[in-house]
Amino acid sequence: MSTLAIVMMAAMLVLYFGGFVYFATKRPPKD
Amino acid sequence: MADKGMQWSSRLSFILASLGMAFGAGNIWRFPRVVAANDGGAFLIAFIVANLIWAVPLLMIEMIMGKSTRLGTNGAFRNFVGRRSTWMGAWIGLCAVLIMFYYSVVTGWAIKYLTLGVKGAVKPGIDSEAVWRSFTSSPGQTILFHFIAMAVAVVIIWAGIHRGLELANKIIVPSIVVILAVVMVWALTKPGAVQGLEYLFHPNLSSLLKAKTWLNAFSQAAWSVGAGWGLMLTYSVYMSAKEDIGANSFVIAFADSGSSLLAAMAILPLVFAVSPNPAQAVQALQSGDTGLTFIYLTKFFPTLPAGSLVAGLFFLALAISALASLLSMVELAVRNLSDAGLTRKKAALATGVIGFALGIPSALSIPFQENQDWVWGVGLLISGVLFAYAVYRKGIENVRRMINHASWIKVGRWFNVCVLAIPAVFLILFIWWVWQSVSWYPQTWWNPFEKTSPATMAVQWALLFILVLALNRWLARRIKAPHPEDHGPDTAPPVTP
């Protein structure tokens, strides 16, 4: 597997799953 | 209107049910093929952008309509937009129900192959083409498995929100993720599998300049997340009053995309691992959804160590992901019938009986099933435009404020831009698909009896339009819950200035 493909895989995993984790951990704002 | 006791018991339950709705057979058998055909890495970027422009705003619109009206598609359009627009909710609902008729058949195929896996029939030397031909040409078999799929879905919906939908999705969704992860790890240990990952992630970013990459990305985003189908609206009827809309829309879009990526990371290495050579792997990826799954993978699974066992797991993931999506379609029908005064159990039974009966033509004929998939799959794009229209009528800025009032994150003015872009995206996608269809049938594209022609789409859409327009007033009257104008104040939450 080429280095570029590995970099792309890492970037996509961070983008897809990072986006999920970021929004999933949002909590209601404190009044 | 949904009873006060009918609510998701937690945010996790709502998200899992929504993910079960969004993650269907298409994520397992279509996404990996589309991403492979569109230069992998570039497509993955286009796909997430398409999700943010098309899917996320539509999820937000569906959620605010379902949560604020507490009614299914018909009632939501009547109360959110106005009595004259009830037909739009009926179009959206019927479009999803027409998909339910043949989707139950497809779920049945997956269940059939699961039984083959469990019985150990997926073994070395299997003539997978003969097995598929024998199954699909046996009406008793296809109808039986269509019946099983519809019966299981109805029993779960019958059991209610907590003991039915919620419990089923709490089991199904984590199971899909675990199974796909197991299949991925298993495949990656096999010689040649890494070439599948290379094929998936090769970063040919110049493809981002190709229109085809974006057209495929938007098409996949429109069908994959289930935004604009009315299914999210239905599940949002059961949201608790304090539940968020903004963050949850992003969570569902990212979770569906992430699961699709996981599926691609399992399927592509699998295809390369089981193929005698890379050229055959590429050829298999071009053999269509059912060709890849039921013929190619079934043939080559058992050639690898523990392949028969993994085949069983793979078909289990396919069957339960299709079932979870089928559940949301049945629930959409049940919600609308309940709004019209039927008890939940009667509504579930009626949906099951009608769904089984009207799914039989698709069970008997694959060309008919493909015709319906074409007509109502593209029809869903119209549903998306109707949701955008609902927002125009209510006022885009007004709706954005309503969403922000019910969100844990601030939804910026990008929402307004995306909503304005939805008809343009629809028009471009629609013209592209029609143009493709004409190129498939250069001589007979005008023939409504041609399987996937523009004419068959136009005729069937026209019939549905005439039906829902003719029934508009009757549908608006049938909904038992009061219209906001009957009691003065809007049912929508207050809009903060």
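Residues numbered from 1 in each chain as written. Chains lettered and ligands numbered in written order. Predicted model: local features only at pLDDT ≥ 70, side-chain atom pairs only at ≥ 80, totals over all residues.

A. Highlighting the overall build of chain B. When helices and strands are counted, chain B shows 23 helices and zero strands. A globule of 497 residues ought to have a C-alpha radius of gyration of about 23 Å, and chain B, at 22 Å, matches this closely. In terms of overall dimensions, chain B has C-alpha extents of about 70 × 50 × 50 Å along its principal axes. Here chain B, with 497 residues, has 57% of them falling under the buried criterion. Within chain B, contacts between residues at least 6 apart in sequence are counted, and of these 83% link residues at least 24 apart. (Helix = DSSP H or I, 4+ residues; strand = E, 2+ residues; numbered from the N terminus. Rg over C-alpha atoms; globule rule 2.2 N^0.38 Å. Buried ≥ 20, exposed ≤ 12 C-beta atoms within 10 Å, placed from the backbone. Contact = placed C-beta atoms within 7 Å.)

B. Spotlight on the overall build of chain A. Within chain A, the regular secondary structure consists of one helix and zero strands. Taken along the three principal axes of its C-alpha coordinates, chain A extends 50 × 10 × 5 Å. A burial count over chain A gives 23% of its 31 residues as buried.

C. Region of interest: the packing of helix α6 (residues 86-119) of chain B against helix α16 (residues 307-339) of chain B. Residues and elements named next belong to chain B. Viewed as axis vectors pointing N to C, α6 and α16 meet at an angle of 155°, and their least axial separation amounts to 8 Å. Here α6 lies roughly antiparallel to α16, going by the angle between them. Relative to α16, α6 is oriented so that their crossing is left-handed. Taken together, the residues of the contact of α6 with α16 sort by class into 23 nonpolar, seven polar and no charged. (Axes fitted to C-alpha atoms, helices over the stretch in contact; angles between N-to-C directions. Parallel < 35°, antiparallel > 145°, perpendicular 65-115°, else oblique. Left-handed = near helix turned anticlockwise from the far one by under 90°. Nonpolar A, V, L, I, M, F, W, Y, C, P; charged D, E, K, R; others polar.)

D. Spatial organisation of the interface of chain A and chain B. Tallying the contact residues gives 18 residues for chain A and 19 residues for chain B. Looking at the side of chain A that touches chain B residue by residue, the class counts come to 14 nonpolar, two polar and two charged.

E. Region of interest: helix α13 (residues 246-274) of chain B. With 29 residues, α13(B) extends 42 Å between its outermost C-alpha atoms, agreeing within 8% with the 42 Å of an ideal straight helix rising 1.5 Å per residue. With 29 of 29 residues buried, α13(B) lies mostly within the body of the structure. (Expected span 1.5 Å × (residues − 1).)

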